[in-house]
Amino acid sequence: MPRLPAALATTAALLASLAAAQPPAGEPAELKLASPAESKAEFDRAVSPFLARHCAACHNPKKAEGDLDLTTLDPDMKGSTSGARWAMVVEKLAGGEMPPKGRPEPPAADAAAVARWAHAEAKRAGRPFTRRAAYSNGNAVPHAALFDPKNVPPFDGGPRVRRLSPEIYAAFTGELAKGKSGIGQPFSPEGKSTFKDMGAPKVDEPVTVQLLQNALAIVEAQTNHKVEGDTVKGVGQIPKEFLALFDPKAPPTDAQIEAAVAHQFHTILKRPPTAEEKARFVAFAEKNIADAGQVVGARYALAAVLMLPEAVFRMEVGGGKQDAKGRVRLAPREIAFALSYGLTDKRPDAELLKAAATGELDTDAGVARQARRLLDDPKADKPRVLRFFREYFGYDAATEVFKDNKDFPEHDARVLVEDTDRLVLWVLEKDKDVLRELLTTNTSFVAYKTAADTKKKRAEALAKFEREKAANPEKFKDKKPPQVGRSVYEAYGLKDFPDAQPVELPADQRAGILTQPSWLVANSTSFDNHAIHRGKWVRERLLGNVVPDLPITVDAQLPDAPDKTLRERMNVTKEKFCWQCHQLMNDVGYPFEQYDHLGRFRTAEKVLDPEATAKNKDPKGKPLGPVLRGAPLDSSGLIAHVGDPALEGPVAGAVEFVKKLAASERVEQVFVRHAFRYWLGRNESPGDAASLQAARKAYRDGGGSMKALIAALVSSESFLYRVPTAK
Ligand code: HEC
Ligand code: HEC
């Protein structure tokens, strides 16, 4: 890479400083390693007095609640167990769990200083706290604060800058670079949020370097040319405004640079440069050309347009005047981009830009109309809607669960995921009672993409088998015919691939996505069900409660007892300390014990039979291996601790369970909360109550229409307005 011209370094620094000025909410700012002396000083200044004031009354040598003495806890986290205890302190502070309710709450800034010191000290000691996925935190806002029509607090969402999602960035740069390779994703995915795309921009040096490399690669493709004699020729479709910069006979004039810059602005930002920008970029290009030569200098000038924050981020700051409620509406261009990024992976199309220019986006109705246009257009690419359901239900994680090839040779998680994708699209096509359908339908696709092909392969394999058997009957005497594709249709409880898609599965066995093999596999381990994960999903995504994070001090393992059922082995979590959390997960996970870890419906659980195994020997006394028995299945569950008496009570089995959930108003509201997070790219707060209630109403009034819900979200107050004074 050529050396950075000085002025471009300034642009890069500007970009970095912009992001630095907007640290993502909740993330500790980048930690500088303190020296031991600095760390000690900070401990004495901020930490020790904080603990003495807010904690020591209950955590001292005499009265050590939770077996924790905070007056003598070693601030040095090397070697000792003190690191784990400090991690616990940080966790309790972050969750607002300590000091306990009823005690005066410590100032947030002081608690943050303690957390900052502890993070830095742990890092310095070489044992940084592992950060677990705190993805359920969106649920921390009490449900009642959001859906009470009689108590709607004023909107208070502040200005925002977001990074482009990986999909948007790839589409944007791919189109510009014309398939040229070497474009890397600058932003790492956000692992902390419910949805991947909720990330705030985090710009550090590696990000800036990658952005710059990408910008230069793109500009190289945009300006690909060759010089023949003393004329310059474009290689491929190169705009004349760009070619003029590379004329070997003379450096470009101001007017030529201006034209090229204007063209680049139009290409990248879909707007003309302002007079100020024109002047700045012309001066910048001239300086670069003087410093680095005509070709490199001109390219850096064009690359700088790609480095503008507006090109790299989603700017949702608010460009209008403040209204009587203290809100500022996003500028029409901001709305056009936000809408387009919300509904597609692309930048706004011509019609949307026109709507921005002609005032259509100045009204909420106009925004809703444009949203509907995009949602209704069969040609418009709307991968984001399917992606929402994938992320919300999480069934696509089935491909990440390893199943041993030897034991399950036909298992193919990708096929299961494709089937559920197809089911989601099938429900979306009708766009009626979408959530309820997704939770209760017994319609299913079964290897809908591959069934025909697999059947053909199976016929071939069978024919080959029969041929070989006929030729050598003795050798094939005990061999079974090949079972190509078997585990896929068996996962759905079928005896073969269906002739037509979709199929109706037995209504007493299957109801919706939570009974689809993909979801069940995604929430299983390699060998067993994961009732805790299944329950956690229901608790967070449907019931909308907060499940506290698994403390790092807990060795989260079930006893290794192959003769016991999973439910029996999970009895270890009934201990009081464990149960405070596990009561939230276990009882809403058990109903799915009706399926095994491959998603097959079952009526008994296979466990080891030790006596039969002991007797399972050949005549010479050689053990012949484990013998399993079918233990009776208990798939009863309990809905409790929700805060909704209408919903609470015992349930018997998965179908009854999901039907009860699907009929619940609260569950529908929690679903709307998740849709809000996805389309707004952030967690909801009480100030979003009006937007959430309007979105829920639109969903209802539209007969459970996803399109109505999305259109309402992207034309809501929360989407379109910013309060400049908000944090
Ligand atoms: C009014 C008494 C009281 C005060 C004040 C108090 N705690 Fe606690 N703390 C408890 C009790 C009781 C427990 C044990 C039960 C529990 O975990 O809720 C506990 C448990 C803990 C635990 C978990 C220990 C474990 O092994 O699980 C941590 C960490 C903790 N407290 C940190 C703090 C911090 C930090 C403060 C000050 C900001 C604080 N506590 C203030 C009463 C208190
Ligand atoms: C503060 C809440 C909390 C407490 C207390 C707690 N757990 Fe958990 N536990 C969780 C959460 C949350 C998960 C799910 C973690 C995840 O998402 O992978 C979990 C998961 C587990 C798992 C499954 C681990 C895996 O991913 O395979 C086991 C086993 C477990 N806990 C056992 C225990 C036992 C035993 C205790 C008591 C000694 C206990 N837990 C105490 C919250 C808790």
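Residues numbered from 1 in each chain as written. Chains lettered and ligands numbered in written order. Predicted model: local features only at pLDDT ≥ 70, side-chain atom pairs only at ≥ 80, totals over all residues. Heavy atoms only, no water.

Now for the nonpolar core. For soluble globular proteins, nonpolar side chains are generally found buried alongside one another. By size, the foremost hydrophobic cluster in this structure holds 100 residues, and its most contacted members are F388, F389, F393, L514, F592, W679 and M706. Counting residues per element, this core draws most heavily on helix α17 (residues 413-430), which supplies 9 residues. Listed in part, the 48 residues of the second largest apolar core include A177, A260, A303 and Y341. (Core = buried A, V, L, I, M, F, W, Y, C linked by side-chain atoms within 4.5 Å. Buried < 20%, exposed > 50% of the residue type's maximum accessible area, 1.4 Å probe, protein only. Helix = DSSP H or I, 4+ residues; strand = E, 2+ residues; numbered from the N terminus.)

Once that is clear, we can look at the coordination of the iron atom of ligand 1. At this site the iron atom of ligand 1 is bound by H59 (NE2) and M98 (SD), with donor distances of 2.0 to 2.3 Å. Here the iron atom of ligand 1 is ringed by 6 donor atoms whose angles at the metal span 86 to 179°, and the overall shape comes out octahedral. Placement of the pair is H59 in the loop between α2 (36-54) and α3 (82-94) and M98 in the loop between α3 and α4 (108-124), with a sequence separation of 39 residues. By relative accessible area, M98 is classed as partly exposed at 34%. (Donors = N, O, S within 2.8 Å, 3.2 Å for Na, K, Ca; no water. Tetrahedral: all angles 85-135°; square planar, octahedral: opposite > 155°, others 65-115°.)

Turning next to the environment of G625. For G625, the position within the fold is in the loop between α25 (610-615) and β9 (628-632). In this structure G625 comes out as partly exposed when scored by relative accessible area, which is 22%. Counting along the chain gives 122 residues from G625 to V503, while the straight-line C-alpha distance between them is 39 Å. Setting aside chain neighbours within four positions, we find G625 in contact with T613 and N616. (Contact = heavy atoms within 4.5 Å.)

This paragraph deals with the site of ligand 1. Lining the immediate surroundings of ligand 1 are 17 residues, of which C55, C58, H59, G66 and M98 lie closest. Contacts to ligand 1 include H59, whose side-chain N or O atom sits 2.7 Å from a nitrogen atom. Taking G66, its main chain carries an N or O atom lying 3.1 Å from an oxygen atom of ligand 1. Secondary structure elements with two or more residues in the shell around ligand 1: α2 and α3. Looking at the shell around ligand 1, its residues break down into 11 nonpolar, 3 polar and 3 charged. (Near = heavy atom within 4 Å. Polar contact = N/O pair within 3.5 Å; in protein donor to acceptor, adjacent residues only side chain to side chain. Nonpolar A, V, L, I, M, F, W, Y, C, P; charged D, E, K, R; others polar.)

Now for the packing of aromatic side chains. Tallied over the full model, the rule gives 30 aromatic pairs. Judged by centre distance (5.5 Å) and plane angle (70°), the ring pair of Y392 and F671 falls under edge-to-face. Of the two residues, Y392 is situated in helix α16 (residues 383-393) and F671 in helix α27 (residues 665-680); the sequence distance between them amounts to 279 residues. Judged by relative accessible area, which is 0%, Y392 ranks as buried. Residue F671 is classed as buried on the basis of its relative accessible area, which comes to 0%. Looking at K430, its charged tip hangs above the ring of W426, at a distance of 3.1 Å from the centre. (Phe/Tyr/Trp six-rings, centres within 6.5 Å; stacked < 30°, edge-to-face > 60°. Lys NZ or Arg CZ within 6 Å of the ring centre and 35° of its normal.)

Right, let's get into the confidence of the model for the protein chain. Of the residues in the protein chain, 92% reach a pLDDT of 70 or more, and the chain-wide mean stands at 88. The low-confidence segment residues 16-31 (pLDDT under 50) makes 21 contacts with residues lying over four places distant or belonging to another chain. Across residues 131-136, confidence stays below pLDDT 50; counting only partners more than four residues off in sequence or on other chains, it has 20 contacts. (pLDDT = per-residue confidence, 0-100.)

Time to look at the domain arrangement of the protein chain. Frequently, the measure chosen for interface size is the accessible area removed from exposure when the parts meet. In terms of domains, the protein chain is made up of domain 1 (31-131) and domain 2 (160-313). Spacing between the C-alpha centres of domain 1 and domain 2 amounts to 47 Å. (Domains from an automatic or database assignment.)

All right, on to unusual backbone geometry then. The omega torsion of the bond from M98 to P99 falls at -10°, within 30 degrees of zero and hence cis. Here P99 shows up in the loop between α3 and α4. Cis rather than trans, the peptide bond between Q501 and P502 has omega equal to -5°. Along the chain, the position of P502 falls in the loop between α20 (486-491) and β7 (503-504). We note that K270 has phi near 55°; this positive angle belongs to a residue other than glycine. Inspection of the secondary structure puts K270 in the loop between α9 (254-269) and α10 (275-292). Taking the relative accessible area as the measure of exposure, K270 reaches 29% and is therefore partly exposed.

Moving on: the side chain of T454. Following the sequence through the fold, T454 ends up in helix α19 (residues 451-471). Sequence-distant contacts of T454, that is, excluding residues within four places in its chain, are made with V484, G485 and F497.

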